[in-house]
Every structure is written in C-alpha cells, then in structure tokens.
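One letter stands for each residue in the lines below.
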Amino acid sequence: MNLTLELIEQLTFPEYYQRGLKYYLQGRVTSFEEKDDVIEAQVSGTEMYEVTIYLNSLTSECSCPIGDNEKPCKHIIAVLLTKVRGIKSPTAILQKKKRKLKKRQPSQELPIKNDNCTFEEVRKRIIQDFKIVSRNYGDYWKYVRAQDQFHGYLQEHLDLLPNNEETCKNVQKLVKWLDKKLDTYDDSDGVLQDCTTTVLLKSIKYLENSMDTSLLYEIVKTKYVYTDTIQVLELALEYIENPDVKRKIAEELEEKVFKELWKNVLQNSRAKIVTHETSYYIDILSKYYLNNEDTHPGRFEDFAKKFSKYSHRASGLLIDYYNEREQYEKVYLLWENGIDDNFHIYQKKIEKAINRIKDPNKQLKFWKTKVLEKNNYWGIEIRDVQKIKELLYRLKKGDEWLEIKAGLVKTYKNNVDLLMQLTEYDLALDALIGEWEKSGRSTPTPKEEITTYGVKFKAVSPKHAKRIYQYCFNKEFENIKKGSNSYDRFISYGENLIELGNKETVETVCKEIMNNFPTRKKLIERIESLLF
C-alpha cells in the first residue's frame, strides 16, 4: 500500500486533517489492530470512539456524530496517521472548563417550606423570575444563562409547596402558563421544556401520599402545545418513591394494555397495529419492570418478550438486558424467531451480540441473511461482506467465499467502494467512469469526487489511479478545444499524471495545445510551468 501523509491530507477537509493530526500527536489513538486489510481502532475524544478502516477501498466508519460524512473525520485521520507513522505515546490533554452559572442572589429571603406557604405567593415569584428570560431575549448567551437560572429558581419555589391534592391541581395552571410561553420564546436548547417537566413532576408528587391515582390520568388527558403529557405516567413510575403507589400505577397500565390488545389485536387475527398510546404504555412498563427487578424478579423479561412486537423500545431494552448479562444466545434466538419486524432499528446492538456468540456457524447464518437476502431492509455494507469472508475462511470454506464474491460483484456492479474492497479495481473503475459518462456533463464529476477516488487509488493501486487521471485529463483537453478558459483542472490532472509516471502523455497533449492555440497566452504559461 502506498499511503502517505500527503495522500491522507488530500482525503479530507483541511480543518479535519489538522484536528486529526493534533489528536494523533496527543496520542489519542488508544488501540490499533490491523488484520485482513481492515484496521480496528479506538480514539479518545469527547468519549471513546470506534473507528474501522477498510484498506482495500480506504472507506471508513467512525462512531462519532459526523462519522458518516463523505470525508473522513478527525478520528479516522488520527488512525490513518497511526498506520503511516506508528503509535504515538499520549500526552497530557487539558480538560475543558465547565461553564459555571452565577449563584442565586435573591432580592429577599425565600420563606421556609411549610403548609402555610400559599400557591399564589409562589406563582407570583415564578412569574417575576421569568422576567430574566424575557429581558435577555435576543442576546443568545445571556438568554441561555437566563433560561438555566430560571429553571433553578423554579425548582426552589416549587419545593416550598406541600405535597397535597390542592398543590397538584394548582400546579397544573403553571404547566399551562409555561406551555404558552414555549410558543412565544425560542427553546432550541430545550431548557423551557425541562421547566415544564419539572412542574409536572411536582404535580404528580402528590401521589406519593395518596393511593388515589385518578388525578394522574386527568393530568394525562390534558392537552398542551409542546408537552407530551403521556410522559407523566413515565415520570410517575420513575420519581415516586412509594412502592405501593408505583405498583398500583403499573397494574392499572398493564390492565389497559391487555384490554387494548384483546380488543384490537388478539380478537382479530388480521389486526397487527396497536394505538400509539398502548405502545407507549408498553414502553413505560418495560422500563419500570427493568428498573425494579428486585421487587419484580423476572417480570421484565417475560413482559418484554410477550409485548416487544408491539413496541420498538421494549425490543431495544430486551436486547440491552441480554447484552449486559452476556446472554448473547438469547439475542440470536430473538433475531432468528423474528420477534420484531423492525429489528433493523437495533442493528448495532444485535450485531454486538452476534459477534460474541461462540458458534461461527450461527454468526455466518446471521451475516449471510443480512447481506444476501433479497429485498431486505439491512442494505449492503462493506463491514458485513468483510465479516462473511472472515468467517468462511475461519471455517475453511474458501470456495464458498469465491462463489459469494462473484454473486456480490454481479449484483452490486455499480457499488464502487464495495468493488474496491473486493479488489475488483478494474470493475470499480468501469463503474466510476460509467457513472460520470451517464451524467452527461462536460466534466466527468465535481473535482472533489475525482480527488477523493484519485487519492484512494493512488494509495491502493497507482496504475488504476493513472487511468482515472488520464480520463479526466482527456476530458478537460476536449473542453479546451471547445473554447473553455478554465485551466485549473487540466493542470491539476496533468500534475497527477506526471507524479504517477505518465509524463509522455501529458507532453504530447500539451504540445498539441501549444501548436493549435498559440494565442492562448495564459494557458501556454501554465503549460510551460507544468512541463518545465
């Protein structure tokens, strides 16, 4: 492989390269393993990021938020630099200072919490404190700090109120008031919505001392503009500490779920869809049983397995539950039995379990189904193909891999990156140039794309890189003969051809231009600079 520092720099944006170089010099690449033309690495950033690079095609993946970008991110660049320069010892990395909010300086002392503190007094204080938000609206940073400060003040004020039915009803008025404010003020950071959630929490705390849950469902039925009030049930199960109250709410919710399923699904064999409300109840109960395994042993697994087909979130929680307990075979059985038609939502979690199963034949069945099944929703990814190849060679089934490879080449004959990873470089170039020809543009493709594939082929197969630049050079020559005055691409492609050892072709074309277009002084000056 001919990967160099210069080629790495050309693969991405200048700022990404500089940040990646900084990460490399700081020693943030904490693990690095190269096997079967694939690099697996970890890079320490805001958190630990997983990086995979496929060397035959120089395609890459990173678990960071911009890892799916067209250009390699800074973490991928740091790993590529490690490939070329070797592992760098870590240096001290400065921690970012956290922004601190000002301490509250109240104009007057807050009253001590007692049953005599009236709601009206607290309501007036909250409305008064909200003025710091409206006063700073328009100045982004002051506005953000004001929102955070108001949220803190709001919690202080609400804590003054006693937990009783009257507070529960009164606080609902505050929720409506805040909800209207959300329709007036920018809440892109979600702070004001957090304030609404804080008020809802205070409202349901009354249930801590009461087994009467009817008021809870009245809150749920209330319609707000920006608050999904069905979350009140989830908040109740999460924050109420009285186990008897929580158990009563869970039993009532489960009864509602059974009624809904019996009415709309179980009695009707054709019906497969439940209401959004029932699906949400299943989500809430799954989370509740998972968080209260000590008081409901085994209940989560039974409930989630029974109802996960009606709730994607319950499916995800069940997969996490098995993965955390290293029960990977159970995840495999969930997949094999098709418990949820939308398992692709949890693709990464399932793959984590499959990769840890000891039986390579089961692993192979999963990956072959994922890659080779027709009309599936998984799609084709290079890492999946690489996994099949690795497993087949481990099982000493090299002939089967050659058959699968031939089928993939035939099926995905226009997938340039996949063909490159399969080392079918001639076919990859045919697909690439064919795509450019099909576009019908006077130039084959935007310069950035040519640069990307040109750089990749320079690293993995220089003779194929030469073919790319030759094609683009000839195209630009045709444009010049038609009267084009744009010479930058022509010169750039010529420079790359000379670098790749094809100076004779460049000289022949340039001499023809100098003979046929002697009046184009700027072009001739650029050509002379290129050749001499």
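For the structure itself, look to the data block above.
Residues numbered from 1 in each chain as written. Predicted model: local features only at pLDDT ≥ 70, side-chain atom pairs only at ≥ 80, totals over all residues. Heavy atoms only, no water.

**Student:** Talk me through the pattern of salt bridges; I want residue IDs and the actual numbers.
**Tutor:** Side-chain pairing between opposite charges can occur once the charged atoms of the two side chains come close. Across all of its chains, the model carries 26 salt bridges by this definition. Glu301 is the partner of Lys330 in a salt bridge, and the nearest nitrogen-oxygen pair spans 3.3 Å. Note that Lys330 is positioned in helix α15 (residues 328–336) and Glu301 in helix α13 (residues 299–307), a separation of 29 residues in sequence. Residue Lys387 pairs with Glu390 through a salt bridge whose shortest N-O separation is 3.9 Å. On the criterion of helical spacing, the pair formed by Lys387 and Glu390 is a turn pair, its members being three residues apart in helix α18 (residues 382–394). For Glu390, a relative accessible area of 29% translates into the label partly exposed. (Salt bridge = Lys/Arg side-chain N within 4 Å of Asp/Glu carboxyl O. Helix = DSSP H or I, 4+ residues; strand = E, 2+ residues; numbered from the N terminus. Buried < 20%, exposed > 50% of the residue type's maximum accessible area, 1.4 Å probe, protein only.)

**Student:** Outline the packing of aromatic side chains, supporting the account with residue identities and numerical values.
**Tutor:** All chains considered together, the criterion is met by 15 aromatic pairs. The ring of Tyr23 carries the charged tip of Arg28 above its face, separated from the ring centre by 4.3 Å. Over the ring of Tyr453 we find Lys456, and its NZ or CZ is 5.4 Å from the ring centre. (Phe/Tyr/Trp six-rings, centres within 6.5 Å; stacked < 30°, edge-to-face > 60°. Lys NZ or Arg CZ within 6 Å of the ring centre and 35° of its normal.)

**Student:** Summarise the side chain of Lys456; cite the residues concerned and give the values.
**Tutor:** Along the polypeptide, Lys456 turns up in helix α22 (residues 447–460). You can call Lys456 buried: its relative accessible area is 9%. Leaving out residues up to four positions away in the same chain, Lys456 has contacts with Leu11, Ser57, Leu58, Thr59, Asp417 and Met420. (Contact = heavy atoms within 4.5 Å.)

**Student:** Report on the sheet that holds strand β1 (residues 29–35), specifying residues and quantitative values.
**Tutor:** Overall, antiparallel pairing links the four strands, which are arranged β1-β2-β3-β4 in an open sheet. Each having just a single partner strand, β1 and β4 (59–62) make up the two edges of the open sheet. With direction set aside, neighbouring strand axes in the sheet form an average angle of 15 degrees. Relative to strand β2 (residues 38–44), β1 runs antiparallel, the two being bridged by six bridges. (Pairing = 2+ DSSP bridges. Axes fitted to C-alpha atoms, helices over the stretch in contact; angles between N-to-C directions.)

**Student:** Explain the nonpolar core residue by residue, including any values.
**Tutor:** Membership of the largest hydrophobic core comes to 144 residues, with the highest contact counts inside it found for Ile53, Leu80, Phe150, Phe457, Phe490 and Ile513. With eight residues, the single largest contributor to this core is helix α23 (residues 462–481). Not counting residues up to four positions away in its chain, the partners in contact with Ile513 are Phe477, Ile480, Phe490, Pro518, Leu523 and Ile527. (Core = buried A, V, L, I, M, F, W, Y, C linked by side-chain atoms within 4.5 Å.)

**Student:** Can you explain the pairing of strand β3 (residues 48–54)? Please cite residues and give values.
**Tutor:** Looking along a regular strand, one sees side chains alternate from face to face of the sheet. The buried count for β3 comes to five of seven residues, which makes it a mostly enclosed element. Here β2 pairs with β3 via seven bridges, running antiparallel. The partner of Val43 across the bridge, within β3, is Tyr49. Hairpin connection from β2 to β3: three residues lie between these consecutive antiparallel strands. By the bridge criterion, four bridges tie β3 to β4 in an arrangement that is antiparallel. Counterpart to Ile53 in the pairing with β4 is Ser60.

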